[in-house]
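A structural walkthrough
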Amino acid sequence: MTAAMERTPRETAGADTARPDNVVSMRDAGPNEVSERLLASAARLSRNAMTEIDWSEPMDPTKYGCSPEWSSLYGTDYWEELTEEQRISVTRHEFASIMNIGIWFEMILQEMVIRDQYLGAYHDPEFQFALTEVADECRHSIMFAKASQKMVGTSYKPSKKVGRLGKFFKRTAKNEVAYAGILVAEEVLDVFQRGCMRDERVLPFIRTVNEIHVLEESRHMKFAREEVRESMDGVGWARRQFSALYVALGAYFIVTSLVQRKAFDDAGLDADRAVAEMKTNSHFHSMIRSSCAHLMEFLDEVGLLTRPAMHYYRKAHML
């Protein structure tokens with residue numbers, strides 16, 4: 001990450017969100033050194049959507065909620081039948097759904113991180129960055145909530161079953177399971193937002209939301225990778241198998257919950273048909289796989305891409 005604050009927000013986002021594992025000096029550093037660097041980065045580069053975005057500015061009716069190519073219906077027969085107005089509407093509701101599911105998981109994330117740091121070494125940079133991450137996630141959740149309110153005026157939540165599973169996950173996930181679970185959610189959203197944040201067809205305030213989230217989540221992903229590597233150091237076969245499967249199950253329910261059926265209803269589409277076409281949309285599946293490629297490489301590297309885990313990643317089209 002750089003400290004070039006004089007750059008424009010878009011230039012900063014592009015320069016400061018390089019893939020974490022491509023930064024050799026960061027990867028070779030110890031946990032405290034990584035945390036110190038991330039704390040310094042947060043102090044230099046954190047942004048505030050509440051003041052940076054003019055939330056009262058009218059929306060351009062010709063702008064999408066996300067790049068059309070990232071719509072779950074893009075490339076289907078149904079997409080070809082939609083008018084331009086309908087396509088714009090469905091992308092806005094789809095991205096609102098994705099942001100809302102992001103809020104749900106960020107709330108899980110915050111609880112897991114706070115629990116992990118409870119009675120920690122308060123003088124330690126790792127503890128201090130962990131709380132910095134929680135503060136970031138609170139701001140991101142408010143930003144997503146405001147963006148959803150402005151764009152579609154409604155909220156989307158996971159199913160009751162997935163909601164209950166999320167409560168169980170946040171109470172039981174620890175160490176590598178907790179932080180690998182964080183990576184799963186953040187990596188998928190990160191690639192999606194990178195693909196949309198410079199697209200002039202997308203609403204300007206949504207592009208700014210994407211830039212802010214990509215920039216700040218790059219720090220969180222670096223931190224999570226360091227925590228996973230540290231947790232996996234010297235673990236036995238049984239724990240590795242269990243952790244790999246638990247992370248994969250969490251990933252499956254997160255990714256398959258991103259676009260809720262209600263989003264199609266609210267966009268005025270035939271929700272039954274839309275869901276059916278989304279589930280068989282090879283283009284959408286390929287976009288998910290591409291967004292997970294870096295994640296799969298990392299999980300394989302640390303020993304968390306086992307055969308049973310791969311089964312669930314394939315079911316969610318992540319592999």
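Keep in mind that this is a model prediction, so the values were computed, not measured.

Calculation notes
- Residues numbered from 1 in each chain as written.
- Predicted model: local features only at pLDDT ≥ 70, side-chain atom pairs only at ≥ 80, totals over all residues.
- Heavy atoms only, no water.
- Helix = DSSP H or I, 4+ residues; strand = E, 2+ residues; numbered from the N terminus.
- Buried < 20%, exposed > 50% of the residue type's maximum accessible area, 1.4 Å probe, protein only.
- Contact = heavy atoms within 4.5 Å.
- Areas by Shrake-Rupley, 256 points an atom, 1.4 Å probe, with all protein chains shown as cover.
- Lys, Arg positive; Asp, Glu negative; His and termini not counted.
- Charge placed at Lys NZ, Arg CZ, Asp CG, Glu CD.
- Phe/Tyr/Trp six-rings, centres within 6.5 Å; stacked < 30°, edge-to-face > 60°.
- Lys NZ or Arg CZ within 6 Å of the ring centre and 35° of its normal.
- Patch = residues over 30% accessible without salt bridge, like charges linked within 9 Å, V, L, I, M, F, W, Y side chains within 5 Å.
- Salt bridge = Lys/Arg side-chain N within 4 Å of Asp/Glu carboxyl O.
- Expected span 1.5 Å × (residues − 1).
- Bend = angle between axes of the 7 residues up to and from the residue.
- Polar contact = N/O pair within 3.5 Å; in protein donor to acceptor, adjacent residues only side chain to side chain.
- Axes fitted to C-alpha atoms, helices over the stretch in contact; angles between N-to-C directions.
- Left-handed = near helix turned anticlockwise from the far one by under 90°.
- Nonpolar A, V, L, I, M, F, W, Y, C, P; charged D, E, K, R; others polar.
- Arc of directions from axis to C-beta.
- Core = buried A, V, L, I, M, F, W, Y, C linked by side-chain atoms within 4.5 Å.

Regarding the overall build of the protein chain
Counting secondary structure elements, the protein chain contains 15 helices and zero strands. Taken along its principal axes, the extent of the C-alpha atoms in the protein chain is 55 × 50 × 30 Å. Of all 319 residues assigned to the protein chain, the portion counted as buried reaches 56%. In the protein chain, 84% of the contacts between residues at least 6 apart in sequence involve partners at least 24 apart. Of the accessible surface of the protein chain, which amounts to about 13900 Å², a share of 54% is contributed by carbon and sulfur atoms. Put simply, the protein chain has 40 plus and 47 minus side-chain charges, and the middle of one group is 5 Å from the middle of the other.

Details of unusual backbone geometry
For Leu119, which is not a glycine, the phi torsion comes out positive at approximately 55°. Residue placement: Leu119 occurs in the loop between helix 6 (84-117) and helix 7 (125-151). Taking the relative accessible area as the measure of exposure, Leu119 reaches 62% and is therefore exposed. Residue His317 is not a glycine yet carries a positive backbone phi of 65°.

As for the packing of aromatic side chains
Overall, the coordinates contain twelve aromatic pairs when judged by the stated rule. With 5.2 Å between their ring centres and 80° between their planes, Tyr252 and Phe253 make a pair best called edge-to-face. Residue classification places Phe253 among the partly exposed residues on the basis of a relative accessible area of 23%. An aromatic cluster of three or more residues is present, and its members are Trp70, Phe95 and Phe192. Across from the ring centre of Tyr78, 4.3 Å away, lies the NZ or CZ of Arg273, which sits over that ring.

Structural notes on a positive patch on the surface
A cluster of basic side chains, namely Lys160, Lys161, Arg164 and Lys315, defines a positive patch on the protein surface. For the positive patch, the element with the most residues is helix 8 (residues 160-172), which contributes three residues. With respect to the helices, strands and loops of the structure, Arg164 is situated in helix 8. You can call Arg164 exposed: its relative accessible area is 56%.

Brief notes about helix 14 (residues 282-301)
Between its terminal C-alpha atoms helix 14 stretches 28 Å, which fits the 28 Å expected from 20 residues at 1.5 Å a residue. The principal kink in helix 14, of about 45°, is found at Cys292. Within helix 14 the residues assigned to the buried category are Phe284, His285, Met287, Ile288, Ser291, Cys292, His294, Leu295, Met296, Phe298 and Leu299. The elements touched by buried residues of helix 14 are helix 9 (175-196), helix 10 (204-232), helix 11 (237-255), helix 13 (271-279) and helix 15 (307-315). Its side-chain oxygen at 3.1 Å from the backbone nitrogen of His283, Asn281 defines the N-terminal cap of helix 14. Looking one or two residues past helix 14, Gly303 carries a phi angle of roughly 90°, positive in sign.

Notes on the packing of helix 6 against helix 10
Close contact between helix 6 and helix 10 brings their axes to 14 Å; oriented N to C, the two are set at 30°. Considering the relative orientation of helix 6 and helix 10, their crossing is left-handed. In this structure, helix 6 contributes Phe95, Met99, Glu106 and Asp116 to the contact, and helix 10 contributes Ile206, Val209, Asn210, His213, Glu217 and Glu227. For the contact of helix 6 with helix 10, the per-class residue count stands at four nonpolar, two polar and four charged.

A closer look at helix 8
Taking 1.5 Å of rise per residue, the 13 residues of helix 8 would be expected to cover 18 Å, and the 19 Å separating its terminal C-alpha atoms lies within 8% of that figure. When helix 8 is considered as a whole, its buried residues turn out to be Val162, Gly166, Phe169 and Lys170. Relative to the axis of helix 8, the buried residues are bounded by an arc of 90° and lie together on one face. Of the exposed residues in helix 8, the ones pointing more than 90 degrees away from its buried face are Lys160, Lys161, Arg164, Phe168 and Arg171.

Quick word on the environment of Ala121
With respect to the helices and strands, Ala121 occurs in the loop between helix 6 and helix 7. For Ala121, a relative accessible area of 33% puts it in the partly exposed group.

Topic: the nonpolar core
By size, the foremost hydrophobic cluster in this structure holds 93 residues, and its most contacted members are Phe264, Tyr313 and Met318. When neighbours within four sequence positions are excluded, Tyr313 is seen to be in contact with Ala244, Val247, Ala248, Ala251, Met296, Leu299, Leu305, Met318 and Leu319.

Overview of the side chain of His213
Tracing the sequence through the fold places His213 in helix 10. Leaving out residues up to four positions away in the same chain, His213 has contacts with Glu106, His140, Met143, Phe144, Glu186, Leu189 and Gln193.

Nothing here speaks to function; it is geometry throughout.
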